[in-house]
Amino acid sequence: MECGAFKQPARRSTSLLTLGLTLLLHAANVSATGGSPSMGKEQFLAALLEQMSLPEKVGQLRMKHSPGTPPSQYALDTVAKGAVGALFTEPGFTREQLRAYQDAAVQRGRLGIPVFFAGDVVHGHRTVFPIGLGQASSWDLQAIGSAARIAAIEASADGLDMTFAPMVDLSRDPRWGRMSEGFGEDPYLVSRIAERVTQQLQGATLGAADSIMACVKHFAAYGAVEGGRDYNTTNVSTHQLFQDYLPPYQAALEAGAGAVMTALTTLNGVPATANRWLLRDILRQQWRYRGLVISDHSAVQELVAHGTAAGGEDAAQAALVAGTQMSMNDRYFEQALAQLIEQGAVPVSLLDEAVHQVLATKYDLGLFHDPYRRLGHAQHGAQPSHDPKPLHRAQAREVARRSLVLLKNQNALLPLVKRGTVAVIGPLADNPVDILGSWHASGQPGQAISLYQGLKTAVGDDAKLLYALGANISDKRDDFLLLADKTVNFDPRPPQALLAEAVAIAQQADVIVVALGEARGMSHEGASKTDLNLPTQQRELLQALKRTGKPLVLVLMNGRPLTIVEESQWADAVLETWFSGTEGGNAIADVLFGDYNPSGKLPVTFPRSVGQIPLYYAQLNTGRPFDPQQPSAYRSHYFDTDNTPLYPFGYGLSYTHFSLSPLTLSTHRLRPGHAMQVSVTLKNEGQRTGETTVQLYLRDRVASVSRPLKELKGFQKVLLAPGESRQIVFDIDTSMLAFYNQHLQRVTEPGTFDVMIGLDSQDLQKASFELDGTPP
Ligand code: NOJ
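Only a predicted model underlies this, so the values are computations on that prediction, with no experimental measurement involved. (Residues numbered from 1 in each chain as written. Predicted model: local features only at pLDDT ≥ 70, side-chain atom pairs only at ≥ 80, totals over all residues. Heavy atoms only, no water.)

A. View of the pairing of strand β16 (residues 573–576). Side chains A573 and L575 project from β16 onto one buried face, and the interleaved V574 and E576 project onto a second face that is buried too. Looking at chain direction, strand β11 (residues 405–409) and β16 are connected through 4 bridges and run antiparallel. Bridging across to β16, K408 finds its partner in V574. Where strand β15 (residues 552–557) and β16 come together, 4 bridges link them in parallel fashion. Each bridged residue has a counterpart across the sheet, and for L554 the counterpart in β16 is V574. As a crossover connection, the stretch from β15 through helix α21 (residues 565–570) into β16 is right-handed. (Buried < 20%, exposed > 50% of the residue type's maximum accessible area, 1.4 Å probe, protein only. Helix = DSSP H or I, 4+ residues; strand = E, 2+ residues; numbered from the N terminus. Pairing = 2+ DSSP bridges. Right-handed = clockwise from strand over helix to strand, strands pointing away.)

B. Spotlight on empty space enclosed by the protein. This structure, assessed with the given rule, holds 5 cavities of 30 Å³ or more. Size it by volume and the largest cavity reaches roughly 150 Å³. Residue assignment for the lining of the largest cavity shows that the elements contributing at least two residues are α6 (132–137), α7 (141–157) and α8 (187–202). Of all the elements, α7 adds the most residues to the lining of the largest cavity, at 4 residues. When the residues that make up the lining of the largest cavity are grouped by side-chain class, the tally is 13 nonpolar, 4 polar and 1 charged. Quantified by volume, the second largest cavity comes out at close to 110 Å³. If you trace the second largest cavity, you find 13 residues lining it, with Q60, G82, G109, G112 and I113 closest to the centre. (1 Å grid on protein atoms, 1.4 Å probe; cavity = no way out; pocket = protein on both sides within 12 Å on 5 of 7 lines; lining within 4 Å. Points joined across faces, edges and corners; volume = space filled by probe spheres on them. Nonpolar A, V, L, I, M, F, W, Y, C, P; charged D, E, K, R; others polar.)

C. Expanded view of the site of the ligand. Around the ligand there are 13 residues in total, and D120, R178, K217, H218 and D296 lie nearest to it. With respect to the ligand, the side chain of D296 contributes an N or O atom lying 2.5 Å from an oxygen atom. When the ligand sits alone it has 300 Å² of accessible area, and the protein chains cover 93% of it. The set of elements that each furnish at least two residues to the shell around the ligand consists of β5 (213–219) and β9 (292–297). Among the residues forming the shell around the ligand, the class breakdown is 6 nonpolar, 2 polar and 5 charged. (Near = heavy atom within 4 Å. Polar contact = N/O pair within 3.5 Å; in protein donor to acceptor, adjacent residues only side chain to side chain. Areas by Shrake-Rupley, 256 points an atom, 1.4 Å probe, with all protein chains shown as cover.)

D. Examining the domain arrangement of the protein more closely. The assigned domain composition of the protein is domain 1 (394–601) and domain 2 (658–771). When each unit is reduced to the centre of its C-alpha atoms, the spacing between domain 1 and domain 2 is 36 Å. At the interface, 8 residues of domain 1 touch 9 residues of domain 2. Of the roughly 640 Å² buried where domain 1 meets domain 2, counting both sides, 34% is carbon and sulfur surface. Contact with domain 2 buries area across many residues of domain 1, yet N597, S599 and K601 alone supply 65% of it, more than any other trio. Taken together, domain 1 and domain 2 are joined by 1 salt bridge. Remark: the boundary between domain 1 and domain 2 carries 7 residue pairs in polar contact (both at pLDDT 80 or more). (Domains from an automatic or database assignment. Contact = heavy atoms within 4.5 Å. Buried area = accessible area lost by both parts, 1.4 Å probe. Salt bridge = Lys/Arg side-chain N within 4 Å of Asp/Glu carboxyl O.)

E. Quick peek at the packing of helix α9 (residues 238–245) against helix α10 (residues 247–254). Contact geometry of α9 with α10 gives a least axis separation of 6 Å together with a crossing angle of 50 degrees. By the angle between their directions, the pair α9 and α10 is classed as oblique. Between α9, through L241, F242, Q243, D244 and Y245, and α10, the contact on the second element is made entirely by P247, P248 and Y249. Looking at the contact of α9 with α10 residue by residue, the class counts come to 6 nonpolar, 1 polar and 1 charged. (Axes fitted to C-alpha atoms, helices over the stretch in contact; angles between N-to-C directions. Parallel < 35°, antiparallel > 145°, perpendicular 65-115°, else oblique.)

F. Region of the structure containing the packing of helix α17 (residues 451–459) against helix α22 (residues 584–592). It is the contact of α17 with α22, at a shortest axis distance of 7 Å, that shows an interaxial angle of 55 degrees. Considering their axes alone, α17 and α22 lie oblique with respect to each other. The element α17 and its partner α22 pack so that their crossing is right-handed. The segment α17 lies against α22, with L451, G454, L455, T457 and A458 engaging G585, N586, I588, A589 and L592. A breakdown of the residues in the contact of α17 with α22 according to their chemical character gives 6 nonpolar, 4 polar and no charged. (Left-handed = near helix turned anticlockwise from the far one by under 90°.)

G. Local environment of the pairing of strand β6 (residues 259–262). The two faces of β6 match: A259 and M261 on one face and V260 and T262 on the other face are all buried. The pairing of β6 with β9 spans 3 bridges and is parallel. By the bridge assignment for β9, V260 is matched with V293.

H. Examining the packing of aromatic side chains more closely. Under the defined criterion, the tally for this structure stands at 20 aromatic pairs. Summarising the aromatic geometry, the rings of F44 and Y363 are spaced 5.4 Å apart at their centres and angled 50 degrees between planes, so their arrangement reads as tilted. Residue F44 is located in helix α2 (residues 38–51), and its partner Y363 is located in helix α15 (residues 348–364); the two are separated by 319 residues in the primary sequence. Residue class for F44 comes out buried when judged on its relative accessible area of 0%. For Y363, a relative accessible area of 2% corresponds to the buried category. Members of the aromatic cluster, each reached through a chain of ring pairs, are W139, Y188, Y617, F649, Y697 and F715. Over the face of the ring belonging to Y616 we find R172, whose NZ or CZ atom lies 4.1 Å from the ring centre. (Phe/Tyr/Trp six-rings, centres within 6.5 Å; stacked < 30°, edge-to-face > 60°. Lys NZ or Arg CZ within 6 Å of the ring centre and 35° of its normal.)

I. Focus on the UniProt feature "domain: Fibronectin type III-like" (unreviewed entry) in the protein. UniProt feature "domain: Fibronectin type III-like" (unreviewed entry): in the numbering of this structure it lies at residues 692–761. Secondary structure across residues 692–761 divides into 0% helix and 57% strand, with the first and last C-alpha atoms of the span separated by 13 Å. (UniProt positions renumbered as here; feature names shortened; annotations may be inferred.)

J. Just the pattern of salt bridges, in detail. Throughout the structure, instances matching the rule amount to 35 salt bridges. With a closest N to O distance of 2.6 Å, D140 and R402 form a salt bridge. Of the two residues, D140 is situated in the loop between α6 and α7 and R402 in helix α16 (residues 393–402); the sequence distance between them amounts to 262 residues. For D140, a relative accessible area of 11% translates into the label buried. Judged by relative accessible area, which is 11%, R402 ranks as buried. Between D161 and R374 there is a salt bridge, with its nearest N and O atoms 2.9 Å apart.

K. Geometry of the environment of D700. Topologically, D700 is positioned in strand β21 (residues 690–700). Looking at D700, the relative accessible area reads 5%, which means it is buried. On a C-alpha basis, the gap between D700 and Q142 in space is 31 Å, while along the polypeptide they are 558 residues apart. Among residues more than four places away in sequence, those in contact with D700 are R707, F739, E749, T752 and F753.

L. Quick peek at the sheet that holds β16. Spatially, the 6 strands line up as an open sheet ordered β11-β16-β15-β14-β12-β13, and their pairing is mixed. Each having just a single partner strand, β11 and β13 (464–468) make up the two edges of the open sheet. Between one strand and the next, the sheet's axes are offset by a mean angle of 20 degrees, whatever the strand orientation. Here α17 sits on the sheet and contacts β12 (421–425), β13, β14 (511–517) and β15; the angle it forms with β13, its principal contact strand, is near 170 degrees. Contacting β12, β13 and β14, helix α19 (residues 495–507) crosses the sheet at an angle of about 165 degrees to β13.

M. Structural view of helix α20 (residues 536–547). The terminal C-alpha atoms of α20, which comprises 12 residues, lie 17 Å apart, in line with the 16 Å expected from a rise of 1.5 Å per residue. Looking at α20, one finds that the buried residues are Q537, Q538, R539, L541, L542, A544 and L545. Here the buried face of α20 lies against β12, α19, β14, β15 and α21. A positive backbone phi angle near 80 degrees is found at G549, which sits one or two residues after α20. (Expected span 1.5 Å × (residues − 1).)

So, in structure tokens, the structure goes:
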């Protein structure tokens, strides 16, 4: 066993102590995978804690930012002093840079406690996969899991031990730019993805060299920021919190996520980072979570701005007491904690509890056995970040093409044939930067395939491609976005010149493929919007292209639902591609030319207008539901817009057509504690092999609290050859009928339930059954 992590203490000659610790290390049986009998681990951690000074303990609770540049001597000395427990890294860092920190911690530190390295590996590391919303659109847990596994393999090979992911904030507000990172509006779908991503990031065992720890974020309900304005207040009823917002975090934790990140926001008045109810009552007591709680970036400091702490001491105390154990890039833990302990304002047991947790995390990551397990040793070298060798292109293309959602295909314009002349137009048409999306980690635009490149490779010499920019991505050069993101290209020519050039190109073509949407920075942290239309220049471009009379395919690249009512009328075909990653261009070409039959389904509702937000499928009936067949003024509706979405949750077309038979129930009376089956026959009625997702929804007709009109409870993605049918069976057990009552008890109440199955959340086959009595 290597136990180089421990050095003889510098200021004390404690050969007996060192000998004792070495024996303890042996007793702890620290294995190559980091696993060990729990007694052994606990003895080891207790012995280590015993030796730590107060400043060293405080140091363990600090995660500091490490810029991608070589570490400064000051930064290295700080680590060597034991004043930092973990570092979070910028994209593009190298293993050598990280190794220098680990050398400082292990070789120069008094106790040689390793640091761990964390980063934002949100949808891929070197190989960039589609953004969260895109991955969720695949409704394919295996594909999503493969993306997470590859991200872990690549990130760990670059030295990372932890990722700030999965981001499982349920969001029903597309004004919020961070909706792009999450997996949509539905608690069930987001929860299933949360657990799969967690399992695949962490691998078979956390201590494995190719595993990274998941840090699920942002606890809790960050996706409910008022008005969709980032960092804004969240007010969510406790009932809705339990019913909708908490389940995804809980699912990730039950899948074993080793860490949780607190949200930057207040929840019902109390900042998450100092929210004892969230961090102790729910997380520790109700959920029995035993992992690490990390604050979001500077969240401890921000307690002062939130107005719940008077200053640094107050903030540090409130965060630690509430259950925040490690602070990310804040100065108050460093400045105030030691003093608070010395003054007796904070009991040392609280500090020890948090330090123990940080050390346990390092232990579980296998770092006490080998602090270099993910960094490699100097002689192992590392691939430079621009080296294409480690990329997982085939898997990225597969996940990306499964994430594309066909929203419209009038007169079966798609798939296109690989002949004639195709005009490829738009600010996102030949753009390898934005296709990577926000949080692109170590992904390199130079390695990404733009739509134009993908189409070019697909057609070879069989068809001619023409290209024009057509419009800038943003209307104004001094747009906030352009100031914030230096990678945005801006053509200085007047908009009319760009437009005229594009129209002239389009007129020479047989078909137009126009790629419009957002720059990656528009759907990102801090990037909230009140207007979800395409920017004016892009809209005018689409309108002008429509006027050419040529067949028009709109390829959307964006990180949130956009209000595209008119655009969806102007275009003959619309393909939602989100930000599809390194292989995006090839994946989109696969779909446009029919080499892959699209199978994606929306994980989020597309509203018609911003005024409808929040608009989600799992709504309550209200006392006065609006019936379009019998319109009435005093019914719940808008005067100026339909209640219906532009595209509903779960929606997405295929190049083939699927039919569903009426439902068959194995029983119409379900007994508590038993299960029943509901089945339906799915048939591919078309000429192409294709995949679709069969979705199961339930409704509790009468309950002690008003229940949603439908809630997703299961789904199956099914591949069928032309003419093939398959019986699809879902089990329904009483646990699927449970909900939180007014007293926040999870209950199942007897009565009538509707069961609905369909290929989207609106077009559903329906049957009913009774639940007899209350489950034991
Ligand atoms: C702040 C973001 O809210 C969080 O999601 C991210 O992980 C950290 N910054 C670190 O980059």
